Amino acid sequence: MILRCIECGREYSSEEVRYRCECGGLLEVLVDLGEVENIFDGKNITLWKYKSFIPVEKRVSLNEGGTPIYRLENLQTELGMKEVYVKNEGANPTGSFKDRGMTVGVSKALELGMDKVICASTGNTSASLAAYAAKSNIKAYVLVPSGKIALGKLAQAIVYGAKVVPVRGNFDDALKVVVEASSELGVYMLNSINPFRLEGQKTIAFEIFDQLGFVPDKVILPVGNAGNISAIWKGFKELYEAGFIDKLPQMIGIQAEGASPLARAWKERREFKPLEKPETVATAIRIGNPANWPKAWRAVEESRGVLESVSDEEILKAQKMLASKEGIFVEPASASSLAGLMKLRNEIEEDESVVLITTGHGLKDPNIILEGFELPEPIEPSLEAFKEVL
Ligand SMILES: Cc1ncc(COP(=O)(O)O)c(C=O)c1O
Ligand SMILES: N[C@@H](CCOP(=O)(O)O)C(=O)O
């Protein structure tokens, strides 16, 4: 298996531990599309159904993938659209899409004989890495921005047994330490700069096609470290190049306004510049220097898509709408997909099909819902008392 630099084209063997090219460029895995199987029959959907596209043997799995796709019957009418779907990645084993990356990434770590893994995280990556390391009997180190990680995610990393290290700084600061530590200490790094992570995450594209039986016009998703949008685009391109589909979707990436270095550069038609102090209620995407930005930029450009940003208010409104009108409880970052659709509604035709990716489960961050909410005084345990409060 070959890794190729997306900047200079230099190739490396995938048998060595390497995350970037010598020129500093990001690497991607070249898959032999002559060998892949056409198994898109809508049945028995799990991530490893697509193993012929995955450049690693399954060594650890918690049954990831096979997440539900829902038609938003109520909201699509409200938005004046005909076909809006949610692909709910919160239904993965640890409650986020990261599990797709980790089943493949940790399998690669085991193949390489690594017994320690590390990541920086705004929460979901650490929860997922900790779970897959536990299942594999290897040690996980997770570095998180101190005080800026949702409680549910922190609890997950702790209970799965990872060594949790809070960092005085944001995610970008923590990632710098992780990159240095992985090479100095010989610990396998499983953030999405690792191209094998993205090989797992690209299966979201396969599942969308497998479940719907067609390729949607638009795929909308939140963007943080910018790996997922790149991975899903790679998945659709592989389907296209293998001859299994004859059209590609437009990729639409949504950032939170206070953490939107990519969307800003896109809208202002200028070069990408990292943002020093990202801030948003959507802590999962509170990232100022998305490591995969060159891949994400290409995905949006090649697909003739868009990068947009939404305010915290729009995110929280969309989160409530998804829960109260469709019964889907997602964390704030995930709700930016719907917030983005609402913001871009006038630029989308009513009969275009749209898939929103919701990336993480709402229960990971209950505080955001409970903050400022007061339960009424308890009533006496009687029917009369109950009738009084009706
Ligand atoms: C819930 C959630 N949504 C979206 C994202 C953004 O994904 P990516 O970093 O691949 O852009 C993340 C992590 O960054 C996340 O945890
Ligand atoms: N939201 C992410 C940020 C790290 O992204 P990664 O995909 O590079 O691991 C998290 O959950 O930590």
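Residues numbered from 1 in each chain as written. Chains lettered and ligands numbered in written order. Predicted model: local features only at pLDDT ≥ 70, side-chain atom pairs only at ≥ 80, totals over all residues. Heavy atoms only, no water.

- In the nomenclature of an unreviewed UniProt entry, the protein chain is known as Threonine synthase of Thermococcus argininiproducens.
- On record in UniProt, under Pathway (unreviewed entry), the comment for the protein chain is "Amino-acid biosynthesis; L-threonine biosynthesis; L-threonine from L-aspartate: step 5/5."
- Here the protein chain is described in UniProt, under the heading Cofactor (unreviewed entry), as follows: "pyridoxal 5'-phosphate". (UniProt positions renumbered as here; feature names shortened; annotations may be inferred.)

**Observations concerning the UniProt feature "binding site: pyridoxal 5'-phosphate" (unreviewed entry) in the protein chain**
Turning to step 1, where the next piece is worked out: Mapped onto the present numbering, the UniProt feature "binding site: pyridoxal 5'-phosphate" (unreviewed entry) falls on Asn124, Gly224, Asn225, Ala226, Gly227, Asn228 and Thr359. For this annotated set, covering 236 residues, all C-alpha atoms fall within 14.2 Å of each other, a compact arrangement in space.
Turning to step 2, where the next piece is worked out: Note on Asn124: relative accessible area 5%, which makes it buried.
Turning to step 3, where the next piece is worked out: Ignoring anything within four residues of it in the chain, the contact list for Asn124 reads Ser96, Lys98, Lys153, Ala284, Glu331 and Lys364.
Turning to step 4, where the next piece is worked out: Tracing the backbone shows Asn225 in the loop between strand E10 (218–222) and helix H8 (227–241). (Buried < 20%, exposed > 50% of the residue type's maximum accessible area, 1.4 Å probe, protein only. Contact = heavy atoms within 4.5 Å. Helix = DSSP H or I, 4+ residues; strand = E, 2+ residues; numbered from the N terminus.)

**Regarding helix H3 (residues 124–136)**
Turning to step 1, where the next piece is worked out: Over its 13 residues, H3 runs 18 Å from end to end, which matches the ideal 18 Å to within 8%, given 1.5 Å per residue.
Turning to step 2, where the next piece is worked out: Taken across its 13 residues, H3 has 11 buried, putting it largely inside the fold.
Turning to step 3, where the next piece is worked out: Along H3, the residues classified as buried are Asn124, Thr125, Ser126, Ala127, Ser128, Leu129, Ala130, Ala131, Tyr132, Ala133 and Ser136.
Turning to step 4, where the next piece is worked out: Where H3 is buried, its residues meet helix H2 (98–111), strand E6 (116–120), strand E7 (139–145), helix H4 (151–159) and helix H6 (195–201).
Turning to step 5, where the next piece is worked out: Positioned one or two residues after H3, Asn137 has a phi angle of 65°, which is positive. (Expected span 1.5 Å × (residues − 1).)

**Focus: the packing of helix H7 (residues 203–212) against H8**
Turning to step 1, where the next piece is worked out: Two elements in contact, H7 and H8, have axes separated by 7 Å at closest approach and are oriented at 55°. Comparing the axis directions of H7 and H8 gives the class oblique. Contacts between H7 and H8 involve Ile204, Ala205, Phe206, Ile208 and Phe209 from the former and Asn228, Ile232, Gly235, Phe236, Glu238 and Leu239 from the latter.
Turning to step 2, where the next piece is worked out: Taken together, the residues that form the contact of H7 with H8 break down as 8 nonpolar, 2 polar and 1 charged. (Axes fitted to C-alpha atoms, helices over the stretch in contact; angles between N-to-C directions. Parallel < 35°, antiparallel > 145°, perpendicular 65-115°, else oblique. Nonpolar A, V, L, I, M, F, W, Y, C, P; charged D, E, K, R; others polar.)

**Some thoughts on the domain arrangement of the protein chain**
Turning to step 1, where the next piece is worked out: We note that the domain assignment places domain 1 (1–30), domain 2 (69–95 + 197–371) and domain 3 (97–193) within the protein chain.
Turning to step 2, where the next piece is worked out: Computed from C-alpha atoms alone, the centre-to-centre distance between domain 2 and domain 3 is 23 Å.
Turning to step 3, where the next piece is worked out: Counting residues at the interface gives 33 residues for domain 2 and 29 residues for domain 3.
Turning to step 4, where the next piece is worked out: A buried area of about 2,600 Å², summed over both sides, lies between domain 2 and domain 3, and 49% of it is on carbon and sulfur atoms.
Turning to step 5, where the next piece is worked out: A per-residue breakdown of the area domain 2 buries against domain 3 is headed by Thr94, Arg197 and Lys364, which together make up 32% of the total.
Turning to step 6, where the next piece is worked out: Counting across the domain 2 and domain 3 interface gives 4 salt bridges.
Turning to step 7, where the next piece is worked out: Residues Lys153 and Glu331 are paired through a salt bridge, measuring 2.7 Å at the closest nitrogen-oxygen approach.
Turning to step 8, where the next piece is worked out: Between domain 2 and domain 3 we count 16 residue pairs in polar contact (both at pLDDT 80 or more) in total.
Turning to step 9, where the next piece is worked out: Looking at the side of domain 2 that touches domain 3, the elements with two or more residues in it are H6, H7 and H8.
Turning to step 10, where the next piece is worked out: The greatest single-element share of the side of domain 2 that touches domain 3, amounting to 5 residues, is contributed by H6. (Domains from an automatic or database assignment. Buried area = accessible area lost by both parts, 1.4 Å probe. Salt bridge = Lys/Arg side-chain N within 4 Å of Asp/Glu carboxyl O. Polar contact = N/O pair within 3.5 Å; in protein donor to acceptor, adjacent residues only side chain to side chain.)

**Considering the packing of aromatic side chains**
Turning to step 1, where the next piece is worked out: Scanning the entire structure with this criterion turns up 13 aromatic pairs.
Turning to step 2, where the next piece is worked out: Ring centres of Phe40 and Phe209 lie 5.4 Å apart, and the angle between their planes is 45°; on these two criteria the pair is classed as tilted. With Phe40 in the loop between strand E3 (27–30) and strand E4 (69–71) and Phe209 in helix H7, this residue pair connects regions lying 169 residues apart in the sequence. Across the pair, exposure class does not vary: Phe40 and Phe209 are buried alike.
Turning to step 3, where the next piece is worked out: Between Trp293 and Trp297, the aromatic rings sit 6.4 Å apart at their centres with planes inclined by 90°, giving edge-to-face as the arrangement. In this pair, Trp293 and Trp297 are both assigned in helix H10 (residues 293–302), 4 residues apart and thus about one turn of the helix distant.
Turning to step 4, where the next piece is worked out: Classification of Trp293 by relative accessible area gives partly exposed; the value is 28%.
Turning to step 5, where the next piece is worked out: Aromatic rings pair up to connect Phe40, Tyr50, Phe53, Phe206, Phe209 and Phe244 into one cluster. (Phe/Tyr/Trp six-rings, centres within 6.5 Å; stacked < 30°, edge-to-face > 60°.)

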